[in-house]
Amino acid sequence: MNALELELKQLIIDTLALEDMTPDDIDSAAPLFVEGLGLDSIDALELGVAVQKKYQVKLDANNSSNKEHFRSVRNLAAFIAGQQQQAV
């Protein structure tokens, strides 16, 4: 597991107060919403705000790609890494 994925897992746990979970409990490739981790639309909003604040990435609420970016921890890590590379 790479460092960014581990950070994201901890961010999910902290942001959404998933007190009974550890980063090891979250599969990087598993879906975050519905099946998998089972997050909902309110969780998505909270997580989106936390990601924007921590990683200074821009998320457009009307962007159809957001669903793919937030599909899994792995996808989210790839999106953030890509955004950070573009900013350099």
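See the structure shown above.
For every chain, the first residue of the written sequence is number 1, and numbering continues from 1 onward in sequence order. For a predicted model such as this one, the threshold for reporting local features is a pLDDT of at least 70, and the threshold for listing and counting side-chain atom pairs is 80 or more; totals across whole chains, interfaces and linings nevertheless cover every residue. For side-chain calculations, the full set of non-hydrogen atoms in the structure is used, while hydrogens and water are omitted.

Of regular secondary structure, the protein possesses four helices and zero strands. Segments assigned H or I by DSSP are reported as helices when at least four residues long, segments assigned E as strands when at least two residues long, and all are numbered from the N terminus. What you see in the protein, going N to C, is helices and strands ordered as α-α-α-α. Atoms counted for the radius of gyration: C-alpha only. Globule rule: 2.2 Å times the number of residues to the power 0.38. A globule of 88 residues ought to have a C-alpha radius of gyration of about 12 Å, and the protein, at 12 Å, matches this closely. Counting only C-alpha atoms and orienting by the principal axes, one finds that the protein spans roughly 35 × 25 × 20 Å. Considering the protein as a whole, with its 88 residues, one finds that 35% of them fall into the buried category. Burial classes follow relative accessibility: with a 1.4 Å probe on protein chains only, a residue under 20% of its type's maximum area counts as buried, one over 50% as exposed, and anything between as partly exposed.

Axes here refer to lines fitted to C-alpha atoms; in helices the fit is confined to the stretch in contact. Angles between the N-to-C directions go from 0 to 180 degrees. Between helix 1 (residues 3–15) and helix 2 (residues 41–55), the least distance of the axes is 10 Å, while the angle of their chain directions is 130°. The orientation of helix 1 with respect to helix 2, classified from their angle, is oblique. You can see that helix 1 and helix 2 cross each other, and the crossing is right-handed. Of helix 2, the residues touching helix 1 (which contributes Leu4, Glu7, Leu8, Leu11, Ile12 and Thr15) are Glu46, Leu47, Ala50, Val51, Lys54 and Tyr55. Throughout this description, any angle smaller than 35 degrees is read as roughly parallel, any larger than 145 degrees as roughly antiparallel, any in the 65 to 115 degree range as roughly perpendicular, and the remainder as oblique. A clockwise turn of the near helix away from the far one marks a right-handed crossing, whereas an anticlockwise turn of less than a right angle marks a left-handed crossing. Only heavy atoms matter for contacts: two residues are in contact if any of them lie within 4.5 Å across the pair.

Before going further, it helps to spend a moment on the pattern of salt bridges. When their charged atoms lie close together, side chains carrying opposite charge are able to pair. Salt-bridge detection follows one rule: a side-chain nitrogen of Lys or Arg within 4 Å of a carboxyl oxygen of Asp or Glu. Taken as a whole and assessed by the stated rule, the structure comprises two salt bridges. Across the salt bridge formed by Arg71 and Glu68, the nearest N and O atoms sit 2.9 Å from each other. Using a relative accessible area of 40% as the deciding quantity, one classes Glu68 as partly exposed.

Take the buried residues of types Ala, Val, Leu, Ile, Met, Phe, Trp, Tyr and Cys, join any two whose side-chain atoms come within 4.5 Å, and each joined set is a nonpolar core. Judged by nonpolar contacts, the single largest core of 21 residues is most densely connected at Leu8, Ile12, Leu47, Val51, Tyr55, Leu76 and Ile80. Counting only elements with at least two residues in this core, the list comes to helix 1, helix 2 and helix 4 (73–87). Setting aside residues up to four positions removed in sequence, Leu8 forms contacts with Val51, Tyr55, Val73, Leu76, Ala77 and Ile80.

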